[in-house]
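# A structural walkthrough
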Amino acid sequence: MNTNILLLTIGCLFVGCTGTDLIDDPTMTERLVITPRIDDLPIGQSIQFSADYFNEFGEMEDVPVEWSSSAPNFISINELGLATALGNGPALIIAKAGEGSDTLKINQGISNTSDVRTGSFQSVGNNYQSNGTVRLEKSGDGLRLVFGNDFSTSPGPSLYVLLANYTNPPFPVTPGGLAVSGSSAQITSNRLTKFSGEMTLAVPEGVGIDDYRYVVLYCTLGPVFGRAELSD
């Protein structure tokens with residue numbers, strides 16, 4: 001066999017999650033992610049915020065975070081991220097660390113009391129297809145994630161379901177376990193073996209219905225296959 005053809009054939013075996021992507025190590029923009037993502041905070045109540053910092057390689061680091069409020073007379077926040085609603089009016093909670101930053105707009109009023117949040121999957125990139133509906137709902141004392149019968153996604157050898165507050169990989173995943181942090185929660189302990197139709201998945205204890213913004217289909221070899229933004 002021609003040597004060039006042999007080398008090309010061997011190289012193709014190591015390309016991508018399904019044989020179509022090259023995995024490299026690009027640098028990224030530093031980013032910060034505030035959690036939990038809430039919209040409202042009743043006057044007189046407080047909430048503890050945290051912020052996950054990701055460096056230019058997408059790796060999470062433990063760094064000091066600087067907290068502030070755009071309207072401290074409406075919502076105050078201390079140096080540890082504890083916010084308190086003091087008066088009527090919206091405010092932006094601002095977190096900074098290194099070159100990364102994030103903001104969160106909060107209003108005074110009644111917090112979300114919805115028992116269900118729903119979303120529709122969108123494909124990410126041209127190589128993978130994800131479609132259909134999903135809902136996050138209260139069930140007894142916990143939560144469950146329910147995929148509709150219209151759900152489908154491209155099959156992958158290492159595909160996991162997560163709840164997350166961002167959609168750019170990498171995400172922490174523990175095969176055989178459940179990795180839960182302020183920025184993401186692993187829903188499937190093992191890789192998916194079913195890629196279409198109805199599914200019901202239990203959500204780990206301690207996760208609140210408003211804690212995360214997206215349902216993410218993530219291949220641990222690199223790409224995100226699809227995402228669904230949840231709304232009330």
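Structural data are supplied above this passage.
To keep things clear, this report deals only with the structure shown in the data block. Along each chain, residue indices are assigned from 1 in the same order as the chain's sequence is written. Where local features are concerned, this predicted model is filtered to residues with pLDDT of at least 70; where side-chain atom pairs are given and counted, the filter is 80 or more; whole-chain, interface and lining totals use all residues. Heavy atoms throughout the structure, all of them, feed into the side-chain values; hydrogens and water do not.

## Topic: the side chain of Asn165
We apply this condition: Put simply, DSSP marks the helices as runs of H or I at least four residues long and the strands as runs of E at least two long, and each gets a number from the N terminus on. Two N or O atoms form a polar contact when they lie within 3.5 Å of each other; inside protein one atom must be a possible hydrogen donor and the other a possible acceptor, and for residues adjacent in sequence the pair counts only when both atoms belong to side chains. Two residues form a contact once any of their heavy atoms are found within 4.5 Å.
Its location among the elements puts Asn165 in the loop between β15 (159-164) and β16 (184-186). Here Arg213 takes part through its backbone nitrogen, which lies 3.0 Å from a polar atom of the side chain of Asn165. With near-sequence residues (within four places) excluded, Asn165 lies in contact with Val33, Thr35, Arg37, Gly182, Ser183, Asp211, Tyr212, Arg213 and Tyr214.

## Section: the nonpolar core
Test applied: Among buried residues, those of type Ala, Val, Leu, Ile, Met, Phe, Trp, Tyr and Cys that are joined through side-chain atoms within 4.5 Å constitute a nonpolar core. Summary of the burial criterion: residues with accessible area below 20% of their type's maximum are buried, those above 50% are exposed, and those between are partly exposed, where the area comes from a 1.4 Å probe applied to protein chains only.
Ranked by size, the top nonpolar core spans 26 residues in total, and within it Leu145, Phe147, Val161, Leu163 and Val215 carry the most contacts. Elements with a contribution of two residues or more to this core: β12 (133-139), β13 (142-147), β15, β17 (199-202), β18 (214-219) and β19 (224-229). Here Val161 is in contact with Leu145, Phe147, Ala185, Gln186, Ile187, Thr188, Leu192, Leu201, Val215, Val216 and Leu217, once residues within four sequence places are set aside. The next biggest cluster of nonpolar side chains, apart from the first, holds 20 residues, and it includes Leu41, Trp67, Ile77 and Leu104.

## Topic: the packing of aromatic side chains
In plain terms, the rule: Any two rings among Phe, Tyr and Trp, with Trp reduced to its six-membered ring, count as a pair given centres within 6.5 Å; such a pair is stacked if its planes are under 30 degrees apart, edge-to-face if over 60, and tilted if neither.
Enumeration according to the criterion identifies 8 aromatic pairs in this entry. Arranged with centres 4.0 Å apart and planes meeting at 10°, the rings of Tyr128 and Phe225 form a pair that is stacked. Separated by 97 residues along the polypeptide, Tyr128 in the loop between β10 (116-123) and β11 (130-131) and Phe225 in strand β19 bring together distant segments of the chain. Taken individually, Tyr128 and Phe225 each receive the classification buried, so the pair is uniform in this respect.

## Focus on the sheet that holds strand β9 (residues 100-106)
The condition that has to hold: Whether two strands pair depends on DSSP finding at least two bridges between them. Helix axes are fitted only over the stretch in contact, all axes being lines through C-alpha atoms; the angle between N-to-C directions runs from 0 to 180 degrees.
The strand order across the open sheet formed by 3 strands is β5-β8-β9, and the pairing between neighbours is antiparallel. Across the chains shown, the open sheet's two edge strands, defined by having one partner strand only, are β5 (66-69) and β9. Recorded for the sheet is a direction-independent mean angle of 15° between the axes of neighbouring strands. The pairing of strand β8 (residues 91-97) with β9 spans 7 bridges and is classified as antiparallel. Across the sheet, residue Ala97 finds its bridge partner in β9, namely Gly100.

## Observations concerning a negative patch on the surface
Basically, it comes down to this: What goes into a patch is any residue over 30% in relative accessible area without a salt bridge, connected to like charges within 9 Å or, for nonpolar side chains (Val, Leu, Ile, Met, Phe, Trp, Tyr), within 5 Å. Residue burial considers only the protein chains on display, and all accessible areas are found by Shrake-Rupley using a 1.4 Å probe. Salt bridge criterion: a side-chain nitrogen from Lys or Arg within 4 Å of a carboxyl oxygen from Asp or Glu. In this tally, Asp and Glu contribute negative charge and Lys and Arg positive charge; neither His nor the terminal groups of the chain are included. Charged groups are reduced to one reference atom each: NZ for lysine, CZ for arginine, CG for aspartic acid, CD for glutamic acid.
Residues Glu56, Glu59, Glu61 and Asp62 make up a contiguous surface patch of negative charge. Using a relative accessible area of 47% as the deciding quantity, one classes Glu59 as partly exposed.

## Some details on the sheet that holds β16
Pairing in this open sheet of 8 strands is antiparallel, and the strands run β16-β15-β18-β19-β10-β12-β13-β17 from one edge to the other. The sheet is open, and its two borders are formed by β16 and β17, each paired with just one other strand. Sheet twist, expressed as the mean angle between neighbouring strand axes with direction ignored, is 25°.

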